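Listed here are the chains, written in short residue letters.
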Amino acid sequence: MKIIFIRHGEPNYEIDSLTEKGWREAELLSKRTAKWNVTDFYCSPLGRAKDTASFTLKNADREAKILPWLREFDAPVIDPETGKRRIPTDGLDTLLAHYGYVRDGYRYHASDETNREAVIVCFCHLGVTCVALSHLLNMTPTQLWQGMFLAPTSVTIVGSEE
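What you see is a predicted model; the values in this text were computed from it and never measured.

Each value, and the rule that gives it
- Residues numbered from 1 in each chain as written.
- Predicted model: local features only at pLDDT ≥ 70, side-chain atom pairs only at ≥ 80, totals over all residues.
- Heavy atoms only, no water.
- Helix = DSSP H or I, 4+ residues; strand = E, 2+ residues; numbered from the N terminus.
- Expected span 1.5 Å × (residues − 1).
- Buried < 20%, exposed > 50% of the residue type's maximum accessible area, 1.4 Å probe, protein only.
- Pairing = 2+ DSSP bridges.
- Axes fitted to C-alpha atoms, helices over the stretch in contact; angles between N-to-C directions.
- Contact = heavy atoms within 4.5 Å.
- Bend = angle between axes of the 7 residues up to and from the residue.
- Core = buried A, V, L, I, M, F, W, Y, C linked by side-chain atoms within 4.5 Å.
- Polar contact = N/O pair within 3.5 Å; in protein donor to acceptor, adjacent residues only side chain to side chain.

Caption draft 1: How the structure looks around helix α4 (residues 126–137). With twelve residues, α4 should reach 16 Å at 1.5 Å per residue; the first-to-last C-alpha distance of 16 Å fits that figure. Among the twelve residues that make up α4, eleven are buried, leaving the element largely enclosed by the rest of the structure. Where α4 is concerned, the buried positions are Leu 126, Gly 127, Val 128, Thr 129, Cys 130, Val 131, Ala 132, Leu 133, Ser 134, His 135 and Leu 136. Just beyond α4, the residue with positive phi is Asn 138, at close to 55°.

The structure is reproduced here in structure tokens:
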């Protein structure tokens, strides 16, 4: 399975969209991504991520499912069930379970229904990508937030093999 995280293009935060440069970045990115054999596309509900995805989706003649947990966040967030502050990772585990990967402690197990050939693309944000990677790699997201940078329209690919 491959999980591909794509950060939105250069943002115009005032209007939650892209700058002129960001639109060009998204269009150039789509020439690469539209050729991929993608199982499913997912996207943050924020405009800058949806705008970045728009060229790829149009060129691939596909749609993306909007996932609220892919939205950029002020970490940590308040857990609606416990009222405690936490970093949101439940959405990632739910998504991976849909493809047959079930989290058990610090690792994932492949079920009998696992789609090992799945390729999923998530159009999202730097912070969300860092949190997702930290959850998958079992490390604190602080290490990634402080030691890693993802440029606009950067592509981060995580692959698994059994």
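Caption draft 2: Molecular detail of the sheet that holds strand β5 (residues 64–66). Within the open sheet, the five strands sit side by side as β5-β4-β10-β1-β11. Their pairing is mixed. Unpaired on one side and paired on the other, β5 and β11 (155–159) mark the two borders of the sheet. In this sheet, adjacent strand axes meet at a mean angle of 20° when their direction is disregarded. Note: strand β4 (residues 40–43) against strand β10 (residues 119–124), four bridges, orientation parallel. Its bridge partner lying in β10, Phe 41 is registered against Val 121. Here α4 sits on the sheet and contacts β1 (2–7), β10 and β11; the angle it forms with β1, its principal contact strand, is near 155°.

Caption draft 3: Structural context of helix α2 (residues 47–60). Taking 1.5 Å as the rise per residue, α2 with 14 residues should run 20 Å; its terminal C-alpha atoms sit 20 Å apart, in good agreement. Remark: the principal bend of α2, roughly 35°, maps to Ser 54. Looking only at α2, the buried set comprises Gly 47, Arg 48, Ala 49, Asp 51, Thr 52, Ala 53, Thr 56 and Leu 57. In the stretch just after α2, Asp 61 is the one whose phi turns positive, near 55°.

Caption draft 4: Here's a closer look at the nonpolar core. Formed by 25 residues in total, the largest nonpolar core has its most connected members in Met 1, Tyr 42 and Tyr 99. With residues up to four places along the chain from it excluded, the contact list for Met 1 reads Leu 96, Tyr 99, Tyr 101, Asn 115, Arg 116, Ala 118, Ile 120, Val 158, Gly 159 and Ser 160.

Caption draft 5: Focus on the side chain of Thr 33. Assignment of secondary structure puts Thr 33 in helix α1 (residues 20–33). Judged by its relative accessible area of 1%, Thr 33 is buried. Within the structure, Thr 33 has its side chain in polar contact with the side chain of Thr 56 (distance 2.6 Å).

Caption draft 6: Structural context of unusual backbone geometry. Located in the positive-phi region is Asp 61, a residue other than glycine, with phi close to 55°. Position of Asp 61 among the secondary structure elements: in the loop between α2 and β5. Asp 61 sits in the exposed class, given a relative accessible area of 70%. Even without glycine at this site, Asn 138 takes up a positive phi of about 55°. Within the element layout of this structure, Asn 138 appears in the loop between α4 and α5 (141–147). Since its relative accessible area comes to 35%, Asn 138 is described here as partly exposed.

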